[in-house]
Amino acid sequence: ATMIIFPCSVPFYFSVVFYFLYSRKSTTSGYYRIRPRADREPFLVFCDMSGGGGWTVIQRRSNGKENFNRWVKWDDYKLGFGKFQGKNDEYWLGNDHIHDLLARGLRENSLKIDLMDWHGERRYAIYENFQLANEQDNYRLWFGTYSGNAGDALSGGSNFEDQWSASHRGMQFTTSDKDHDRFLAGNCASENKGGWWFNRCHAVNLNGRYYKRGKYDGSHDDGLVWSTWHGMWYSLKYSAMKIRAPFFIDSESGDGENSQTS
């Protein structure tokens, strides 16, 4: 992987580097080792240089090989886990890393979420002004305007009565060992098999249990869920969450989604 070190005196943003690579026709997607903070160790990120370039993948689910729940606690989600080799490897980049990438750069970063179901149909959602607080505020989630064709599930879905309990805007991160959700009777992360920005509990859970079929049943709606597309009881085959600076021209989905195979 290419090593990119950010001098502490220069407030470079990770996508500025990707823009530089793209402008020099270095358009190959792949893993780059970056260091957005001089007081922390460098780490690998997957840079998606297609579709306008500049996307940094912070989460990917594609095959169910990586367990997002059984042993994964607060510190795992904080530091990151998974496999960082192939372009469809599953991982969570780490809340500290995600916060550092967003905090070091420009305001109004975009979040794009690529989704695919078990029939190969694809949808996407884009949120402007994606922000993540630091650990002292338990990585509280903020996001702005939605666009796309997957539906605005992060805001709680289309049912206004459900939004107060399902919207993820302003929610803190919860894991099975650190409960910051609004569900007083239990822990949403324990019930729904993965760390996430739960409310009471969710309309989206891209870190849920990976069911190798579409529809599923059980005591909890704990699948890989995007409720405004297939509902709460359909577990998707693929998801990728990726971020970039606002000066990139928006385009179609990147390499990871388009090249995902079974």
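In the block above lies the structure referred to throughout.
Residues numbered from 1 in each chain as written. Predicted model: local features only at pLDDT ≥ 70, side-chain atom pairs only at ≥ 80, totals over all residues. Heavy atoms only, no water.

## Examining the nonpolar core
One broad rule of soluble globular proteins: the nonpolar side chains tend to lie buried together. In this structure, W92, W197 and W226 are the most contacted members of the largest nonpolar core, which totals 53 residues. Of all the elements, strand β3 (residues 43-48) adds the most residues to this core, at 5 residues. (Core = buried A, V, L, I, M, F, W, Y, C linked by side-chain atoms within 4.5 Å. Buried < 20%, exposed > 50% of the residue type's maximum accessible area, 1.4 Å probe, protein only. Helix = DSSP H or I, 4+ residues; strand = E, 2+ residues; numbered from the N terminus.)

## A word on unusual backbone geometry
Residue C201 is reached from R200 by a cis peptide bond, and omega for that bond is 5°. Residue placement: C201 occurs in the loop between α5 (188-192) and β12 (204-205). Notably, N138 is not glycine yet its phi reads approximately 60°, a positive angle. Relative to the assigned elements, N138 resides in the loop between β9 (131-132) and β10 (141-142). Look at K193: it is not a glycine, yet its phi comes out positive at around 65°. Along the chain, K193 falls in the loop between α5 and β12.

## Some details on the state of the cysteines
Counting across every chain of the model gives 1 disulfide. The residue that forms a disulfide with C188 is C201, at a sulfur-sulfur distance of 2.0 Å. When the S-S torsion is -85°, as for the bridge of C188 with C201, the disulfide is left-handed. Placement of the pair is C188 in helix α5 and C201 in the loop between α5 and β12, with a sequence separation of 13 residues. For the pair C188 and C201, a shared accessibility class is recorded, and that class is buried. (Disulfide = S-S within 2.5 Å.)

## Here we look at the environment of N159
Take N159: it is sitting in the loop between β11 (146-148) and α4 (160-166). Of the residues examined, N159 reaches a relative accessible area of 38% and is grouped as partly exposed. Here the alpha-carbon distance between N159 and T228, two residues 69 residues apart in the chain, equals 9.8 Å.

## Remarks on the environment of R37
You can see R37 is positioned in the loop between β2 (30-35) and β3. By relative accessible area, which is 23% here, R37 ends up partly exposed. In this structure, the C-alpha to C-alpha distance between R37 and H97, residues 60 residues apart in sequence, is 9.5 Å. Reaching out from R37, the side chain makes a polar contact with the side chain of D39 at a distance of 2.7 Å. (Polar contact = N/O pair within 3.5 Å; in protein donor to acceptor, adjacent residues only side chain to side chain.)

## Points about helix α3 (residues 95-103)
With respect to burial, α3 is a largely interior element, 8 of its 9 residues being buried. Restricting attention to buried positions, one finds in α3 the residues N95, D96, H97, I98, H99, D100, L101 and L102.

## A word on the packing of aromatic side chains
Overall, the coordinates contain 18 aromatic pairs when judged by the stated rule. Ring plane angle 70° and centroid distance 5.0 Å describe the contact between Y127 and F143, whose orientation is recorded as edge-to-face. Residue Y127 is located in strand β8 (residues 122-127), and its partner F143 is located in the loop between β10 and β11; the two are separated by 16 residues in the primary sequence. Note on accessibility: Y127 and F143 belong to one class, buried. We note R61 situated over the ring of F68; from NZ or CZ to the ring centre the distance is 4.0 Å. (Phe/Tyr/Trp six-rings, centres within 6.5 Å; stacked < 30°, edge-to-face > 60°. Lys NZ or Arg CZ within 6 Å of the ring centre and 35° of its normal.)

Read these as geometric descriptors, not functional statements.
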